[in-house]
Amino acid sequence: MHADAQPRTKLMNVRVTREPFLTTLLLTAIALAILAIFWPTTQSMLETWRRSSTYGHCYLVIPIAIAMAWRQSMAPAGAPLTVEPFRPFWPGLALVAAVGFAWLLGEIAGVAVVAQFAVIGMVVATALTVWGKSWARRLAFPLAFLFFAVPFGEGLLPFLMQWTADATVAALRVTGVPVYQEGNYFVVPTGSWSIIEACGGVRYLIAALMTGCVFAWLQYRSLFKRIVFVAAALIVALVSNWLRAYAIVLMGQWLVGADHNTWGWLIFAVSMFGLFAAGMRWSDGPSGACTLLAQPANAPTVSMHAIPAALVAGLLTAAVWPILAAQIESRVDTRAVRIDTITPRGNWQAAPLDSGNWAPELVAPKAVAAQSFTLNRSVVNVYLGVYRGQKQGAELVNMMNRVVDNDSKRWRLIQSGAAEVRIMGEPTTIRTALVRSANEQLLIWHWYWLAGHTTSSDVRVKVQLALQRLSGVPDTAAWVAVYTQVDDDIGAGARRLNAFVEAMSGSIDSALATTAQR
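Reading the values: the criteria
Residues numbered from 1 in each chain as written. Predicted model: local features only at pLDDT ≥ 70, side-chain atom pairs only at ≥ 80, totals over all residues. Heavy atoms only, no water. Axes fitted to C-alpha atoms, helices over the stretch in contact; angles between N-to-C directions. Helix = DSSP H or I, 4+ residues; strand = E, 2+ residues; numbered from the N terminus. Parallel < 35°, antiparallel > 145°, perpendicular 65-115°, else oblique. Contact = heavy atoms within 4.5 Å. Pairing = 2+ DSSP bridges. Patch = residues over 30% accessible without salt bridge, like charges linked within 9 Å, V, L, I, M, F, W, Y side chains within 5 Å. Areas by Shrake-Rupley, 256 points an atom, 1.4 Å probe, with all protein chains shown as cover. Salt bridge = Lys/Arg side-chain N within 4 Å of Asp/Glu carboxyl O.

On to the packing of helix H3 (residues 58–73) against helix H9 (residues 202–219). Contact geometry of H3 with H9 gives a least axis separation of 14 Å together with a crossing angle of 5°. On the basis of their axis angle, the class for H3 and H9 is roughly parallel. Where H3 abuts H9, its residues Val61, Ile64, Met68, Arg71 and Gln72 lie against Met210, Val214, Trp217 and Leu218.

Here is the structure:
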């Protein structure tokens, strides 16, 4: 008996040492294969990483996740020599299919962030299928960490920019600096300032979220402590950005010049260092690699063919969806767009286009048109931006489609909001904006038109677009704006636009319906 025990112990030692290798090899293979299968989506992520310094950290996410998986799969000192083997979880294929369908919806509706999250989700679902539930649970954090590869957060920019402007102005007033504010723009005695996208603080929030999650995972075992620390990291990042903006204005007030980026990252680094130092006081100690459970003597063995079979099945399930997407895209309407003229109704009369040279910032519409109408010396203009054959970078709902470009040298967005009006007799919520140049001020109401429906909801438009694509219905849609010049009496301009919309919305709809049929 003694002669047989020694070789078996050596064999078991070899088995333990290969677990980190097998884990990282499978995760690497799954990640590379899924990213290759969905290459256009992967390429869109890479392009965002390259274009924006906010997402420069994304290049490191997958290597860090693989390193974490290696660490988590290693047995700590004193752990049992035998470990539970990988057991493919075949129901995981249903999860791969479900996430693949989510990718399809995001792809055909042009929602890049949904498609990108779905691609990473398929990496996770395929890993679950191949490794099995026990190993996927053991490596849950490295798998969840992969989602930081998705460049998300830009949708928060309008709110963050407004919060930064309000916080900066409030701090200046508290410290006795005279300031006049208009939206994201404000004036102090030494000059004018504006909160642009780079000042919004998205990069600080994402950096804080990512580093905070890693710190909490390493230092805490309690879920409550981890959640509290990550929340604190986000708050610190938000306040740090406000302090950065306030400090830059003060330096501009009293000093000559200031490097925004250098001072911003310095303030952020000092704030986060203080948070980490405080967090260490409640540390549970560095979390070691997960304890590896001994495999019961009577546990059923797993065929060595099961793991590659599960891997191939998962990848084939994922590969179905780009094929379906290509078939749907082949039916997309690619005809040229010719916008129909809006016919006057009621007492409104067509007029030469009113001067002003305002136009929204729309990304790659198929066609645009503007008309002007008058009634008792009141002038209202209509602007239509029509989309057809929508795709990434040329779609109706796009973060870059704006009333005014944030970097515009002429127009400033003073105020934005929402209002309820009657369009073709139906109560409809539309978006409002007040913009100003050096010599005029415009009140703008705008909404979306798609397949005869009017809405201001981005989500509703994307859902409707996905349904039309799935059913093969053409996707012609329009960005509609009506606007008029106003003075200090904004209410008078609102009443003017309301009267125009009640009288002319049917004519606008008819023109767009005719445009869609052409």
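Right, picking up where we left off after that structure.
A few words on the sheet that holds strand S1 (residues 180–182). Strand order across the open sheet formed by three strands is S1-S2-S3, with antiparallel pairing between neighbours. In this open sheet, the two strands that pair with only one neighbour each are S1 and strand S3 (191–194). Across the sheet, the mean angle separating the axes of adjacent strands is 20° when strand polarity is ignored. Sitting on the sheet, helix H8 (residues 157–174) is in contact with S1 and strand S2 (185–188), with an inclination near 170° to S1.

What follows concerns a nonpolar patch on the surface. A grouping of Phe101, Val459, Val463, Leu467 and Leu470 is seen on the molecular surface, where their side chains present a nonpolar patch of about 440 Å² in accessible area. At four residues, helix H13 (residues 458–471) tops the list of elements feeding residues into the nonpolar patch. The topology assignment puts Leu467 in helix H13.

Let us look at the pairing of strand S7 (residues 412–423). Pairing between S7 and strand S8 (residues 426–436): 11 bridges, direction antiparallel. Considered in S8, the bridge of Glu420 is made with Thr429. As consecutive antiparallel partners, S7 and S8 are separated by two residues, and within that stretch Met424 has a phi angle of approximately 55°, a positive value.

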